[in-house]
Amino acid sequence: MAPPCGGAHGAYPMSFFAPRLNRIKHSPSNAATQKVRELRAQGRDIIGLTIGEPDFPTPDNVKRAVVEAMARDETRYTTVDGTDEMKDAARLKFKRENGLDYGRDQITVANGAKQIVFNAMMATLTPGDEVIIPAPYWVSYLDMALVADGTPVAVACSEDNGFKLTPAQLEAAITPRTKWLVINSPCNPSGAVYSRAELAALAEVLLRHPQVWILTDDIYEHLLFDDREFATIAKVEPRLYERTLTVNGVSKAYSMTGWRIGYAGGSKDLIRNMAKLQSQSTSNPSSISQAAAVEALTGPQEYVHMRALEFQERRDVVVPMLNAAPGLSCRTPEGAFYAYPNCSRLLGLKTPEGKTIVNEQDFALYMLDNGVAGIQGEAYGLSPYVRLSIATDLASLREACQRIQRACAALS
Ligand SMILES: Cc1ncc(COP(=O)(O)O)c(C=O)c1O
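Just so you know, these numbers come straight off a predicted model, no measurement behind them.

(A) Focus on unusual backbone geometry. Note the cis peptide between Ala-135 and Pro-136, where omega equals 5°. With an omega of -5°, the peptide bond between Ser-383 and Pro-384 qualifies as cis. A positive phi angle is found at Asp-73, which is not glycine, with a value near 60°. Assignment of secondary structure puts Asp-73 in the loop between helix 3 (60-71) and helix 4 (84-98). Positive phi values are uncommon outside glycine, yet Asp-227 reaches one of about 60°. Tracing the sequence through the fold places Asp-227 in the loop between strand 6 (213-217) and helix 9 (233-236).

This is the structure we're talking about:
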């Protein structure tokens, strides 16, 4: 029997797939991580520095809480955007750590911070609506804006300014169609952290433009180095509280990427409409994962600080080693778990095989040939850089940096 959608384009005519898919791409970090798996399966010795998740186990108290939740048969559908217990845990966290007050009806819980951002964009964007995204950025902001019919407006934030958006850049990027500004601090991939004063300066601009809402993705809040203080914009400027969606999650702080719990606080109307959307897509996030997240947010918190110190130790090994690689220069990240070295001085050089490194993709491929997988900065909207995750043990990080040093030294 003929396939139902046979035709000139193979199994399916082009029209079978929605045009919106043509606007977006696969997550480059997922794709690169998959590539590492394939190369390893072929026997290649590759140190994978592509993945954006802590390599630590989920804390034991969290694991125990899930066993207890199962024993209580908390295994059914829950309220679409989170149990009362989970919402209260998020409220407690926002109060305790950020000084932000939210009612239960101002909290939403979803399958990861990723779904929260997706819900927010899908619930609010109409064609022509603009989303300001400081670059380098977490790739998903851009693609989610696109899939939700919005127009991403990437603003390049130079390394000279610590990869941070300046008030003047923000002012210049805002138009009558701007609906959202995305803030991500600490930032994936640059590790940039906005101080209270820097957020206050951005807030001053935002107060002049009441059509702009702020989506602050605080998921790396706890991965801060050198005793830095965390600041979030709804607290820094209370007049922006009503139009700020404060997004967070348990993935990075508690090594719980697989549990898929993210949460956010925001205005009641926005929260209600995001829940409406979720009610017709995934419904509630996993009941037992919510029980796990309640324990993570309300149980002992020492784990979080200890892990941040471990990431800091790794950063302090990796960054000097990258800076010792001929031609690379790496700014010291203030938070998160990525290094974002600049490879501009390597462009134009030749590999021992005689291939010219024309751009950062070539450099990323050359690193891969030398046994280290990273991701080209183009994916994050700012070139020429590569993103290296430091969420790997110290021995592997040292070995990876040595390979990078040798590879850079071999270019001429
Ligand atoms: C900046 C940023 N926001 C959100 C997420 C997604 O987190 P979650 O696992 O909660 O969906 C990531 C994951 O890499 C991220 O880097």
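From this point, things continue past the structure.
(B) Structural view of the site of the ligand. In the neighbourhood of the ligand, 13 residues make up the surrounding shell, with Ala-113, Asp-217, Ser-251, Lys-252 and Arg-260 lying closest. Here an oxygen atom of the ligand and a backbone polar atom of Ala-113 are 2.7 Å apart. Ser-251 places a side-chain nitrogen or oxygen 2.7 Å from an oxygen atom of the ligand. Here the ligand, which alone exposes 400 Å², has 92% of that area covered by the protein. The pocket occupied by the ligand, as judged from atoms lying within 2 Å of grid points, is the largest pocket. Ranked by the residues each element gives to the shell around the ligand, the list is headed by helix 5 (residues 112-124), at three residues. A class-by-class count of the residues in the shell around the ligand yields five nonpolar, four polar and four charged.

(C) Seen up close, the confidence of the model for the protein. Residues with a pLDDT of 70 or more make up 97% of the protein, whose mean pLDDT is 94. Note that residues 1-8 has pLDDT below 50 and, in this model, seven contacts with residues that lie over four places away or in other chains.

(D) Examining the pairing of strand 5 (residues 178-184) more closely. Judged by how many residues are buried, strand 5 sits mostly within the fold: six of seven residues are covered. Relative to strand 5, strand 3 (residues 130-135) runs parallel, the two sharing three bridges. If you follow Glu-130 over to strand 5, its bridge partner there is Thr-178. The pairing of strand 5 with strand 6 spans five bridges and is parallel.

(E) Fine view of helix 11 (residues 287-298). An ideal rise of 1.5 Å per residue puts 16 Å on twelve residues; helix 11 measures up with 17 Å between its terminal C-alpha atoms. Counting buried positions along helix 11 yields nine of twelve residues, so the element is predominantly enclosed. Burial in helix 11 covers these residues: Ser-287, Ser-289, Gln-290, Ala-291, Ala-292, Ala-293, Val-294, Ala-296 and Leu-297.

(F) Empty space enclosed by the protein, seen in detail. Scanning the entire structure with this criterion turns up two cavities of 30 Å³ or more. Roughly 110 Å³ of internal volume is contained in the largest cavity. Lining the largest cavity are 16 residues, with Pro-134, Pro-136, Asn-184, Cys-187 and Tyr-194 sitting closest to its centre. Going through the elements one at a time, strand 3 and strand 5 are the ones with two or more residues in the lining of the largest cavity. Taken as a whole, the second largest cavity holds about 30 Å³ of empty space. Looking at the lining of the second largest cavity, its residues break down into five nonpolar, three polar and one charged.

(G) Representation of the side chain of His-209. By the element assignment, His-209 lies in the loop between helix 8 (196-207) and strand 6. You can call His-209 buried: its relative accessible area is 16%. Excluding residues within four positions of it along the chain, His-209 makes contact with Glu-171, Ile-174 and Arg-243.

(H) Broad picture of the pairing of strand 3. Within strand 3, six of the six residues are buried, which leaves the element mostly enclosed by the surrounding structure. Going residue by residue along strand 3, you find Glu-130, Ile-132 and Pro-134 tucked away on one face and Val-131, Ile-133 and Ala-135 tucked away on the opposite face as well. When strand 3 meets strand 4 (residues 151-156), the two strands line up parallel, connected through six bridges. Among the inter-strand pairings, Ile-132 is bridged to a residue of strand 4, identified as Val-153. The β-α-β motif built from strand 3, the intervening helix 6 (residues 139-147) and the parallel element strand 4 has right-handed crossover chirality.

(I) Seen up close, the sheet that holds strand 9 (residues 338-339). Pairing is antiparallel across the open sheet formed by three strands, whose spatial order is 9-12-11. Strand pairing shows two members of the sheet lacking a second neighbour, strand 9 and strand 11 (375-376), which therefore form its edges.

(J) Region of the structure containing helix 14 (residues 394-409). For helix 14, with 16 residues, the first-to-last C-alpha span of 22 Å sits near the 22 Å given by 1.5 Å per residue. When we look at burial in helix 14, the residues that qualify are Leu-394, Leu-397, Ala-400, Cys-401, Arg-403, Ile-404, Ala-407 and Cys-408. Of the surrounding elements, those touching the buried residues of helix 14 are strand 1 (47-48), helix 12 (302-323), helix 13 (360-369), strand 10 (372-373) and strand 12 (386-389).

(K) Inspection of the pattern of salt bridges at higher detail. This model, assessed by the stated rule, comprises 31 salt bridges. Measuring nitrogen to oxygen at the nearest pair gives 2.7 Å for the salt bridge that ties Glu-74 to Arg-72. Accessibility expressed as a relative area gives 32% for Glu-74, which makes it partly exposed. Between Arg-272 and Asp-269 there is a salt bridge, and its shortest N-O distance comes to 2.7 Å. Here Arg-272 pairs with Asp-269, and both are found in helix 10 (residues 268-279), just three residues apart, close to one helical turn. Take Arg-272: its relative accessible area is 52%, and that puts it in the exposed class. Connected through shared salt-bridge partners, Asp-45, Glu-399, Arg-403 and Arg-406 make up one network.

Rules and cut-offs
- Residue indices follow the written sequence of each chain, beginning from 1 at its first position.
- The predicted nature of this model means local features are confined to residues of pLDDT at least 70 and side-chain atom pairs, given and counted, to a pLDDT of 80 or more, with totals for whole chains, interfaces and linings taken over all residues.
- Working from all heavy atoms in the structure, the side-chain values ignore hydrogens and water.
- In this description a helix means any DSSP run of H or I spanning at least four residues, a strand means any run of E spanning at least two, and both kinds are numbered starting from the N terminus.
- Residue proximity to a molecule or strand is established when one non-hydrogen atom of the residue lies within 4 Å of it.
- Under this definition, polar contacts are N or O atom pairs within 3.5 Å; protein pairs additionally need one hydrogen-donor-capable and one acceptor-capable atom, and for neighbouring residues in sequence, both atoms have to be side-chain atoms.
- All accessibility values rest on the Shrake-Rupley procedure with a 1.4 Å probe; residue burial counts only the protein chains present in the view.
- Of the two site types, the cavity is a set of points on a 1 Å grid over the protein atoms alone where a 1.4 Å probe fits but cannot get out, and the pocket is an open set with protein on both sides within 12 Å along at least five of seven lines, each lined by residues with an atom within 4 Å of a point.
- A pocket or cavity is taken to hold a molecule when more than half of that molecule's atoms are within 2 Å of the pocket's grid points.
- In this classification, the charged set is Asp, Glu, Lys and Arg, the nonpolar set is Ala, Val, Leu, Ile, Met, Phe, Trp, Tyr, Cys and Pro, and all remaining amino acids, among them Gly, are polar.
- Each residue carries a pLDDT score, the predictor's confidence in it, ranging from 0 to 100.
- Two residues form a contact once any of their heavy atoms are found within 4.5 Å.
- Here the term buried applies to any residue with accessible area under 20% of the maximum for its type, exposed to any over 50%, and partly exposed to those in between, with areas from a 1.4 Å probe on protein chains only.
- For two strands to count as paired, DSSP must find a minimum of two bridges between them.
- Multiply 1.5 Å by the residue count of a helix minus one, and that product is the helix's expected span.
- Grid points are joined across faces, edges and corners, and a volume is the space filled by probe spheres set on the points.
- Here the term right-handed applies to a crossover when the path leading from its first strand over the helix to its second strand runs clockwise, the strands being oriented away from the viewer.
- Salt bridges are identified by distance alone: a Lys or Arg side-chain nitrogen within 4 Å of an Asp or Glu carboxyl oxygen.

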